[in-house]
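# Structural features, examined
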Amino acid sequence: MTTPLVTRLARAEAAAIDDAVRLLETGGLVAFPTETVYGLGADATNGEAVARLYAAKGRPAFNPLIAHVADIAAARALARFHADAVRLADAFWPGPLTLVLPKAAGCPVAELATAGLDSIAVRVPHHAVAQRILAGCGRPVVAPSANRSGHVSPTTAAHVLADLGGRIDFIVDGGPTPVGVESTIIACLGEAVLLRPGGVPRDAIERALRRPLADPPAGFAGADDAPLAPGMLASHYAPRTPLRRDADRIEAGEALLAFGPKLAAGAERAASVLNLSERGDLIEAAANLFSHLRALDAAGAKCIAVMPIPRENLGETINDRLSRAASPR
Ligand code: TXA
Ligand code: MG
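Quantities reported herein were computed from a predicted structural model and do not represent experimental measurements. (Residues numbered from 1 in each chain as written. Chains lettered and ligands numbered in written order. Predicted model: local features only at pLDDT ≥ 70, side-chain atom pairs only at ≥ 80, totals over all residues. Heavy atoms only, no water.)

## Some details on the packing of aromatic side chains
As enumerated under the stated definition, the model contains one aromatic pair in all. Taking 6.0 Å as the distance between ring centres and 75° as the angle between the ring planes, the aromatic pair formed by F81 and W93 counts as edge-to-face. Here the residue F81 occupies a position in the loop between helix 3 (72-76) and helix 4 (83-92), and W93 occupies one in the loop between helix 4 and strand 5 (97-102), the gap between them amounting to twelve residues. Overall, the relative accessible area of 12% leaves F81 in the buried class. (Phe/Tyr/Trp six-rings, centres within 6.5 Å; stacked < 30°, edge-to-face > 60°. Helix = DSSP H or I, 4+ residues; strand = E, 2+ residues; numbered from the N terminus. Buried < 20%, exposed > 50% of the residue type's maximum accessible area, 1.4 Å probe, protein only.)

Printed below as a string of structure tokens:
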């Protein structure tokens, strides 16, 4: 058991950014917004801080973390970039893309943060608050999504407080995160492989690479024995309420997660209804996904029925998260 902490929350003004930097430099745990979701930051070079971070999240220690830095130059001190990696970094950084790369010799990131792998996940976020914190720290910051392990990722400071209040030092409130789903993860160890669909759609990546992306090895996404990207555990993004996908008919007492202008048959019987995007916009739907799932989860319905979401573009990411949220645990 760890002693409860007093978790302070402050708006992302200059004083709060300074406090966040000072806390990170002294081994504290600070949640802050990125363009994708809120991250729970710790000094990546401080093994003890990283250990406290795992404990605060309740995360299995085999699950490696993403090292966040302010720019490509800082990323090069952590990892080796081959041609594909350079192309992707040039095209999408800063932004919602994470690259899994061979660790550089002399990489200062604590072994615990990379779970003993010889690869490292690196990301340069674009959000102004994340940028100011990372530039202020001048060292890599590991930041998993700022939720308890297995819960839905947080897209507001209130979500972070609900999950991690009393377990972390500080939350920097920068408002709702604009993208709303986590970064796309591409491994550039050999051939570029899509490990996790995310905020950058597959076709944008393929255009930058000028060829199709390879899928992860078969069986990989469901494996729980140290899979390549352990966050891909089948039931990773899980509300407590069971989820029913591709619902075209709503049963009495179900909560409805809708998409588009036309509601599914029986929608009037739903206990509560939230629409990911009334105008059927996949970008808006991604931004609303986790907060709507949390809200419907709290509504106490017997089931959350989710209308079909198209699979193109960010729809691939949304459907990926929904299939994990629906998977039995
Ligand atoms: O958008 C995001 O990426 C957010 C924000 C806060 O930056 N972060 C995030 O972190 O989603 P997390 O820890 O929830 O997810 C990181 C994923 C996990 O699935 C982890 O297994 C995978 O990255 N990962 C980290 N290092 C890896 C490595 N060396 N090889 C393969 N997968 C790795
Ligand atoms: Mg996560």
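## Side note on the sheet that holds strand 12 (residues 255-258)
Strand order in the open sheet formed by four strands is 11-14-12-13, and the pairing between neighbours is parallel. For this open sheet the edge positions go to strand 11 (243-244) and strand 13 (272-275), each flanked by a neighbour on one side alone. In terms of strand pairing, strand 12 meets strand 14 (residues 304-306) through three bridges, oriented parallel. Following the sheet pairing, A255 is matched in strand 14 by I304. (Pairing = 2+ DSSP bridges.)

## Here we look at the packing of helix 4 against helix 7 (residues 202-209)
Packing of helix 4 against helix 7 leaves a shortest axis separation of 9 Å and a crossing angle of 125°. Taken together, helix 4 and helix 7 sit at an angle that is classed as oblique. Helix 4 and helix 7 meet at a crossing whose hand is right-handed. Judged by residue contacts, D84, R87, L88, A91 and F92 of helix 4 engage A204, I205, A208 and L209 from helix 7. Taken together, the residues of the contact of helix 4 with helix 7 break down into seven nonpolar, no polar and two charged. (Axes fitted to C-alpha atoms, helices over the stretch in contact; angles between N-to-C directions. Parallel < 35°, antiparallel > 145°, perpendicular 65-115°, else oblique. Left-handed = near helix turned anticlockwise from the far one by under 90°. Contact = heavy atoms within 4.5 Å. Nonpolar A, V, L, I, M, F, W, Y, C, P; charged D, E, K, R; others polar.)

## Here's the deal with the pattern of salt bridges
Across all of its chains, the model carries 20 salt bridges by this definition. Here D84 makes a salt bridge to R211, at a shortest N to O gap of 2.6 Å. Highlighted residues: D84 in helix 4 and R211 in the loop between helix 7 and strand 11, separated in sequence by 127 residues. The class of D84 is buried, set by a relative accessible area of 13%. Among the charged side chains, a network of salt bridges with common partners joins E182, D320, R321 and R324. (Salt bridge = Lys/Arg side-chain N within 4 Å of Asp/Glu carboxyl O.)

Nothing here speaks to function; it is all geometry.
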